[in-house]
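Coordinates in review
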Amino acid sequence: MTTVTTRTVQYPADGLTMIGHLALPAGTGRRPAVLLGPEGPGLSDVERHRADALAELGYVALAFDLHGGRHLTDPEEMLARCLPLLADPDRMRDIGHAALDVVRAEPRTDPDRVVAVGYGTGGIIGLELGRDGVDLRAIGTVNGLNTGRPGEAARMRCPVWAGVGSEDPIMPVAQRDAFTAEMQAAGVDWRLVVYGGAQHAFHYPPVDQTLLPGVGHHPRHAPRAWRDIVDLLAECVPVAE
């Protein structure tokens, strides 16, 4: 197993002090970087461990924060925080840009080879960075699909990969269709994978308490979605040996 180095990073965004998790691969040279966004409840050990796994593969990885160091397990509190955020592209972009500045400032990062990967709210923030014209090498989003303001998808400068569960009530067929129509009309290099039988947040490990209806782990598709993300990275930002 390759040795990785991790540290906590603090930075301002959305009027809060965000607390991210930075994972660095072994060695001293510059590497491509992954901006890793969490589900609506916020940064947890799940995303921290994924950042570490990406560092094992040779990437600089920053699992970024949404809620000022908090992980929101109360559904009402989470929705009260996330719904206004998801309705405000500029706020989402500010959160994304703040995290992007952190990862690009890391000396181990190749600032010209950065990918945004996210889940739920974190994935939508990655899409909004693309619509803002940020120079990314790829965007990957799992169960986080939205449509942007008219015409802004044309600013996307990289491939977009999206994955969603077929039984996800939060990202229903109409939302998927609107997203793909937006991508197609803008001339984006896009892909959508629909994981049959999976619900929202199907990638997330099993938990004792369901946060919202229609949310649930899928034991077969969860590892498949992770492999699809890794394949996206290998295609768009391969790690040079």
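In this report, we go over the structure that sits alongside the text. Just so you know, these numbers come straight off a predicted model, no measurement behind them.

To continue, consider the pairing of strand β6 (residues 138–142). Among the 5 residues of β6, 5 are classified as buried, and the element is accordingly described as predominantly covered. Across the two faces of β6 the burial is the same, with A138, G140 and V142 and I139 and T141 all buried. Of the pairings in the sheet, the one linking strand β5 (residues 109–119) to β6 comprises 5 bridges and is parallel in character. Paired with Y119 across the bridge in β6 is V142. In this fold, the crossover linking β5 to β6 by way of helix α4 (residues 121–131) has right-handed handedness. When β6 meets strand β7 (residues 160–165), the two strands line up parallel, connected through 4 bridges. What sits directly across from G140, in β7, is W161.

What follows deals with the sheet that holds β7. Pairing is mixed across the open sheet formed by 8 strands, whose spatial order is β1-β2-β4-β3-β5-β6-β7-β8. Of all strands in the sheet, those bounded by a partner on one side alone are β1 (5–13) and β8 (190–195). Taking each pair of neighbouring strands and ignoring which way they run, the sheet shows an average axis angle of 20°. Note: strand β2 (residues 16–24) against strand β4 (residues 60–63), 3 bridges, orientation antiparallel. Within β4, the position partnered with L22 by the bridge is L62. Contacts between helix α1 (residues 45–56) and the sheet are confined to β1, β2, β3 (31–37), β4 and β5, with β2 contributing the most and set at about 35° to the helix.

Mapped onto the fold, R31 is located in strand β3. The contact partners of R31, leaving out residues within four places of it in the chain, are P25, A26, G58, V60, R108, T109, D110, V239 and A240. A distance of 3.2 Å separates a polar side-chain atom of R31 from the backbone oxygen of G58.

So, on to the nonpolar core. Counting residues in each nonpolar core, the largest one holds 39 residues, and the members touching the most others are L35, F64, V103, L136 and V160. No other element matches the 6 residues that helix α3 (residues 89–105) contributes to this core. The residues touching V103, leaving out its near neighbours within four places in the chain, are A33, L35, V60, L62, T109 and V114. Core analysis: the next-biggest nonpolar cluster, separate from the first, contains 26 residues, V34, Y59, F202 and C236 among them.

How each quantity is defined
- Residues numbered from 1 in each chain as written.
- Predicted model: local features only at pLDDT ≥ 70, side-chain atom pairs only at ≥ 80, totals over all residues.
- Heavy atoms only, no water.
- Buried < 20%, exposed > 50% of the residue type's maximum accessible area, 1.4 Å probe, protein only.
- Helix = DSSP H or I, 4+ residues; strand = E, 2+ residues; numbered from the N terminus.
- Pairing = 2+ DSSP bridges.
- Right-handed = clockwise from strand over helix to strand, strands pointing away.
- Axes fitted to C-alpha atoms, helices over the stretch in contact; angles between N-to-C directions.
- Contact = heavy atoms within 4.5 Å.
- Polar contact = N/O pair within 3.5 Å; in protein donor to acceptor, adjacent residues only side chain to side chain.
- Core = buried A, V, L, I, M, F, W, Y, C linked by side-chain atoms within 4.5 Å.

Such coordinate-based values are descriptive only and should not be taken to indicate function.
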